[in-house]
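Descriptive structure summary
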Amino acid sequence: MQKKIHSALISVFYKDGLEPLVRLLHELDITIYSTGGTQSFIEKLNIPCVPVEAITSYPSILGGRVKTLHPKIFGGILGRRSVEQDIHEMKQFEIPEIDLVIVDLYPFEETVATTNDEKSIIEKIDIGGPSMIRGAAKNFSDLLVVASRADYTGVTALLKEQSGTTSLEQRKAYAAKAFSIVAHYDVAIAQYFNPGGQDHFVESFTRPTIMRYGENPHQSGVFFGNLEEIFSQLNGKELSYNNLVDVDAAVQLIGEFTSDTAPEKDAAVFAIIKHTNVCGIASRSNVKEAWEAALAGDPESAFGGVLVSSREIDAATADAIQEIFFEVLIAPSFTEEALKILSAKKNRILLAQKKQVHPKKQFKSLLNGVLQQGIDEGNTEIWQESGGRQTTEEEKADLLFANLVCKHLKSNAIALVKGRRLIGKGCGQTSRIDALRQALEKAKQFGADTTGAVMASDAFFPFDDCVRMGHAAGIQAFIQPGGSIRDKDSIAYCKEQGLAMVMTGRRHFRH
């Protein structure tokens with residue numbers, strides 16, 4: 001159903017980009033109602049507009065808190081043009097029909113980000129704006145709502161092409177956008193008043209981004225969230241569904257080594273992720289050495305992976321990384337020369353991470369519902385030396401490193417570490433002994449010496465077979481959560497052989 005616009009209400013905080021739209025409305029002989037700063041902006045363009053006060057017979061009061069909250073404004077927005085009773089009452093109370101509502105919202109989130117002054121923040125909680133936007137969106141059958149400056153250009157082109165008319169489908173599409181904008185705004189306010197009580201999971205559903213496809217080309221994909229809060233994309237194509245899954249795994253892993261309690265927080269840590277699993281990670285004194293050590297752990301699997309660094313990427317590291325094909329590289333920053341080197345390939349995705357991600361909950365859709373759980377936080381619950389000897393300082397450092405790495409592998413998982421470098425890993429196996437076989441085979445494949453290495457397991461050893469096999473390969477220290485009714489078998493073997501074993505009391509299953 002086509003509708004001709006005869007009148008428009010404009011009340012916006014952001015005026016940039018508004019002028020062409022206002023001029024077009026004037027050219028189309030559309031009556032403009034406005035108030036406050038928007039009214040002044042329009043009048044400076046030498047375009048006539050009717051002050052809202054002329055309709056309501058009330059001035060702006062309470063320091064500007066009440067301007068448009070009036071039956072004559074909301075009646076003009078909510079009045080149904082197809083309902084005789086509404087039409088009769090609008091005429092009776094001299095309520096003008098409003099066909100177009102252009103209203104944005106006070107910059108609440110921007111204010112929260114730039115000040116701690118609660119009074120200033122509270123004054124940026126918009127009341128009239130959301131009310132008018134919701135009212136106009138509800139009545140999309142009769143009017144068009146524009147709730148974001150990002151739509152000014154599109155609406156200008158639309159109205160110009162269609163001579164000031166809109167279709168029902170177009171009005172409904174803009175109404176959907178409007179409800180999404182208001183929902184995001186309300187969640188942001190709720191989060192301010194109750195930090196930590198509202199999860200970003202809810203807020204994220206107000207920011208849909210359509211992906212090229214899902215996990216496979218025949219699957220559709222949508223991301224709900226605001227990546228710009230976390231990353232600045234410096235180069236490359238649009239992130240895919242699979243890219244995002246691996247990027248999440250990468251930032252969660254590297255976050256383990258950059259927190260205040262991280263075992264390697266003063267070192268450079270570099271990791272390589274493939275299908276959410278760690279296939280290479282190392283800690284060294286500088287980024288280039290960390291990259292080279294991480295890559296050496298499994299250069300085969302690194303092809304097409306997602307790379308992540310705890311420190312700035314410099315030119316020397318960029319030159320080294322340039323030698324392999326990878327999808328994404330994440331780092332806190334890039335030097336100018338490094339960025340120039342790595343941007344030579346236009347599709348290569350480079351992300352500068354602006355802040356750490358610390359969600360408190362995880363969600364997974366399954367069956368006819370959604371599972372929610374808390375995040376698997378921390379490394380160890382306890383540090384219980386249970387073997388035939390105490391761990392050395394070097395072993396302890398490797399064991400803490402290995403346990404964190406193992407935490408980020410799919411279960412069943414085994415991580416072999418030597419000198420703060422992953423030299424072998426087994427993951428996603430249906431038995432723990434198979435995970436160990438895979439880890440040892442990986443180490444052997446790329447020439448790693450397992451003598452003196454340490455082993456981490458994401459869950460308890462159900463039998464002593466893993467300890468025996470590891471020892472046969474030269475492994476001298478083990479870390480596991482414990483909790484098996486047969487823990488004593490593995491402990492007894494370690495005591496007999498003079499091997500170190502640490503019980504952590506914390507399992508790290510990952511499915």
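In this report, the structure presented in the accompanying data block is examined.

1. Structural notes on the overall build of the protein
Along the backbone of the protein there are 19 helices and 23 strands. Computed over C-alpha atoms, the radius of gyration of the protein comes to 30 Å, more than 25% over the 24 Å expected from 2.2 N^0.38 for 511 residues, which places it beyond the range of a compact globule. For the C-alpha atoms alone, the extent of the protein along its principal axes is close to 95 × 50 × 45 Å. Here the protein holds 511 residues, and 49% of them are scored as buried. Averaging the positions of the 56 positive and the 64 negative side-chain charges in the protein gives two centres separated by 2 Å.

2. Things to note about the packing of helix α1 (residues 19–27) against helix α9 (residues 152–161)
For the pair α1 and α9, the least separation of the axes is 9 Å and the interaxial angle reads 25 degrees. By the angle between their directions, the pair α1 and α9 is classed as roughly parallel. Considering how the two elements wind past one another, α1 and α9 form a crossing that is left-handed. Two secondary-structure elements touch here, α1 through Pro20, Leu21, Leu24 and Leu25 and α9 through Tyr152, Val155, Thr156, Leu159 and Lys160. When its residues are assigned to classes, the contact of α1 with α9 shows seven nonpolar, one polar and one charged.

3. Focus on α1
Taken residue by residue, α1 has Leu21, Val22, Leu24 and Leu25 as its buried positions. The buried side chains of α1 occupy one side of the element, clustering within an arc of 160 degrees when seen end-on. Buried residues in α1 make contact with β2 (7–11), β3 (31–34), α2 (36–44), β5 (100–103) and α9. Residue Asp29 follows α1 closely and has a positive phi angle near 60 degrees.

4. Here's the deal with unusual backbone geometry
Cis geometry marks the peptide bond from Ser411 to Asn412, where omega comes out at -10 degrees. A positive phi angle, close to 50 degrees, is found at His275, a residue other than glycine. Along the polypeptide, His275 turns up in the loop between β11 (268–274) and β12 (277–284). Residues other than glycine seldom take positive phi values, yet Leu367 does so here, at roughly 45 degrees. You can see Leu367 is positioned in the loop between β16 (361–366) and β17 (369–374). Look at Leu367 and you get exposed, because its relative accessible area is 88%.

5. Digging into the pattern of salt bridges
Tallied over the full model, the rule gives 22 salt bridges. Close ionic contact of Glu97 with Arg81 constitutes a salt bridge, the shortest N to O distance being 3.6 Å. Within this pair, whereas Glu97 is found in the loop between α5 (84–92) and β5, its partner Arg81 is found in the loop between α4 (71–78) and α5, the two being separated by 16 residues in sequence. According to the relative accessible area criterion, Arg81 is buried, its value standing at 14%. Notably, a salt bridge pairs Glu395 with Arg389, separated by 2.7 Å at the nearest N-O pair. A residue is classified by how much of its surface remains accessible, and Arg389, at 26% relative accessible area, is partly exposed.

6. Things to note about α9
Buried residues of α9: Tyr152, Val155, Thr156, Leu158 and Leu159, and no others. Looking down the long axis of α9, one finds its buried residues gathered within 165 degrees of arc, a one-sided arrangement. Within α9, the exposed residues directed more than 90 degrees away from the buried face are Thr153, Lys160 and Glu161. Its buried side turned inward, α9 meets α1, β5, β6 (144–146), β7 (165–166) and α10 (168–193). Ser163 sits one or two residues past α9 and shows a positive phi near 55 degrees.

7. With respect to the sheet that holds β6
The pairing of strands in a sheet comes from backbone hydrogen bonds and takes either a parallel or an antiparallel form. The strand order across the open sheet built from five strands is β4-β3-β2-β5-β6, with neighbouring strands paired in parallel fashion. Since the sheet does not close on itself, it has two edges, and those belong to β4 (50–51) and β6, each with one partner. With three bridges connecting them, β5 and β6 associate as parallel partners. By the bridge assignment, Val101 is partnered in β6 with Val145. Taken strand by strand, α2 contacts β2, β3 and β4, and its axis lies near 140 degrees from that of β3. Against the sheet, helix α8 (residues 128–138) makes contact with β2, β5 and β6, and its axis sits at roughly 150 degrees relative to β5, the strand it touches most.

8. A word on the packing of helix α17 (residues 432–445) against helix α18 (residues 465–472)
The N-to-C vectors of α17 and α18 enclose an angle of 15 degrees; their axes lie 9 Å apart at closest approach. With respect to each other, α17 and α18 are oriented roughly parallel. Viewed along their axes, α17 and α18 form a crossing whose handedness is right-handed. Note on element contacts: α18 touches α17 through Asp465, Cys466, Met469 and Gly470, opposite Arg432, Ile433, Leu436, Arg437 and Leu440. Its residues assigned to classes, the contact of α17 with α18 shows five nonpolar, one polar and three charged.

Quick notes on the rules
- Residues numbered from 1 in each chain as written.
- Predicted model: local features only at pLDDT ≥ 70, side-chain atom pairs only at ≥ 80, totals over all residues.
- Heavy atoms only, no water.
- Helix = DSSP H or I, 4+ residues; strand = E, 2+ residues; numbered from the N terminus.
- Rg over C-alpha atoms; globule rule 2.2 N^0.38 Å.
- Buried < 20%, exposed > 50% of the residue type's maximum accessible area, 1.4 Å probe, protein only.
- Lys, Arg positive; Asp, Glu negative; His and termini not counted.
- Charge placed at Lys NZ, Arg CZ, Asp CG, Glu CD.
- Axes fitted to C-alpha atoms, helices over the stretch in contact; angles between N-to-C directions.
- Parallel < 35°, antiparallel > 145°, perpendicular 65-115°, else oblique.
- Left-handed = near helix turned anticlockwise from the far one by under 90°.
- Contact = heavy atoms within 4.5 Å.
- Nonpolar A, V, L, I, M, F, W, Y, C, P; charged D, E, K, R; others polar.
- Arc of directions from axis to C-beta.
- Salt bridge = Lys/Arg side-chain N within 4 Å of Asp/Glu carboxyl O.
- Pairing = 2+ DSSP bridges.

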